[in-house]
Amino acid sequence: MDIRTFTERLIESRTVDGGEADAAAWAREQLDALGFETYEWLADADELAAHSSFPDDPALIDTADRPSVAGVLEVGDPETGPTLVLNGHLDVVPADEDAWSSDPFEPVWGETDDGAETLTARGAVDMKAPVAACVFAALDAAERADSADLNGRLVVEAVAGEEEGGIGAAAAALSNPYPFDRDAAIVAEPTELTPVTAVEGTVMKRLEIQGRAAHAASRWRGEDVLPHFERIRAAFKALEAERGDTVTHPLYEEYPVPWPIVIGMVEAGNWASSVPSSLTAEMRFGVAPGESVDEVEAQYEAALQSVVDGDDWLSAHPPSFERFSIQFEPAETDADEPIVRTLQAAMIDTGLPDTDPRGATYGADSRHHVAAGIPTVLFGPGSIEQAHFPDETIQWADVQQARETIAETAVQFLQS
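Cut-offs used in this document
- Residues numbered from 1 in each chain as written.
- Predicted model: local features only at pLDDT ≥ 70, side-chain atom pairs only at ≥ 80, totals over all residues.
- Heavy atoms only, no water.
- Pairing = 2+ DSSP bridges.
- Helix = DSSP H or I, 4+ residues; strand = E, 2+ residues; numbered from the N terminus.
- Axes fitted to C-alpha atoms, helices over the stretch in contact; angles between N-to-C directions.
- Contact = heavy atoms within 4.5 Å.
- Buried < 20%, exposed > 50% of the residue type's maximum accessible area, 1.4 Å probe, protein only.

*Asks:* Sorry, what's going on with the sheet that holds strand E11 (residues 278-287) here?
*Replies:* Adjacent strands of a sheet pair through backbone hydrogen bonds, lying either parallel or antiparallel. Ordered by their spatial adjacency, 4 strands build an open sheet running E10-E11-E9-E12, and the pairing between neighbours is antiparallel. Here the strands that pair on one side only, and so sit at the sheet edges, are strand E10 (261-268) and strand E12 (320-323). With strand direction ignored, the average angle separating the axes of adjacent strands in the sheet is 20°. Where strand E9 (residues 201-210) meets E11, 10 bridges bridge the pair, whose relative direction is antiparallel. Residue pairing in the sheet places Ile209 in a bridge with Leu279 of E11. Where helix H7 (residues 225-246) meets the sheet, it contacts E9, E10, E11 and E12, and its direction lies at approximately 5° from that of E11.

Structure, rendered in structure tokens:
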């Protein structure tokens, strides 16, 4: 099987809403056929509930029938060389088919205006083509084992539940599924073929405000929640601006809003001619590398409390402000780590001169590897600007370039 067919078959599997099992079984079969020794693991919801990324209630963590799989290639004397993990995820976000120009799960090949070949499908960028690039990069590197005098192991992971906090990667970090240690990792997220050594964290919070209903004809008898929400929102935006000035990081200077907040959902009231007496808002706060989720959460809680303290109604009817969903701790790998320097050298050798490390304003499974003491860098084809979008598209030459560069990185890393 070639890399194009491998990618197409992964894309055709609708791995949304916890449905990775068929794709994982198929991927394991292909890895077996390609000569990998294969492994499989399931996450334990009780174990994940004790992890800072996940809800405290195991019932809220969907782990049932969601295997993660991996293939291992040993070269030379594997006990004397390092182990390099090449990681990607099988799950994809849902696709609004009405917003697509084709079936999201049917790979469509096309061309840009200048003739570059493209692939359009859900998962083309995030991240089934990158998974395929990792598989075939590992095979390419192993083929050079004798001539390049390689020793060690290459592990290709295809994990479940990255979009839900990293279910498969977190499980592998908490309980190593392999009978050997892991020395470094590359996570093939879409980084436009540049090295990303820092990823941002996020904290998810749900705000609930209570007012008092009244008829629209006598609205002064009610307590409208919307002005209270606007004051809270203004306080949060002011804190976002203050943090942008005071919380600095050299890899995030290019971003106009380095630690963004987004209030992505607001629901208020229940009738057009009634004063809205309740409001629920769900929001996401950015966490800088070097900070903790708890630390940033406390800052926004203090900002909320300052608004409450200055308002008689809110003081008597305090809003609730609780975590929900998944939390992402930030993560960073030092640019002097051997895996980063090796990737940079391989980039130059394969024609990619832009080797400066960057920071990303999104989270990734790299944080689970870093938390387990595994130095990790993100590097992959495609752009995050295409991820989760309708008509998600990747240039195929970038996939081939990623394959070549990751293979060269693996060769040089296993020569060290």
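*Asks:* Honestly, the environment of Thr202 in this entry has me stumped. Any pointers?
*Replies:* Mapped onto the secondary structure, Thr202 falls in strand E9. Of the residues examined, Thr202 reaches a relative accessible area of 5% and is grouped as buried. When the C-alpha positions of Thr202 and Cys134 are compared, they lie 27 Å apart, and in sequence the two are 68 residues distant. Discounting chain neighbours no more than four positions away, the residues touching Thr202 are Arg284, Phe285, Val287, Val293, Gln327 and Phe328.

*Asks:* Explain the sheet that holds strand E5 (residues 117-120) to me, please; I cannot follow it from the model alone.
*Replies:* With respect to topology, 3 strands assemble into an open sheet ordered E4-E5-E16, the strand pairing being antiparallel. In the strand order of this sheet, the two ends are held by strand E4 (108-111) and strand E16 (393-395), each with one partner. For this sheet the average axis-to-axis angle between neighbouring strands, irrespective of direction, equals 30°. Here E4 runs beside E5; their pairing, made up of 4 bridges, is antiparallel. Along E5, the bridge assignment pairs Gly110 with Thr118. The strands touched by helix H12 (residues 396-415) are E4, E5 and E16; relative to E16, the strand with the most contacts, the crossing angle is about 60°.

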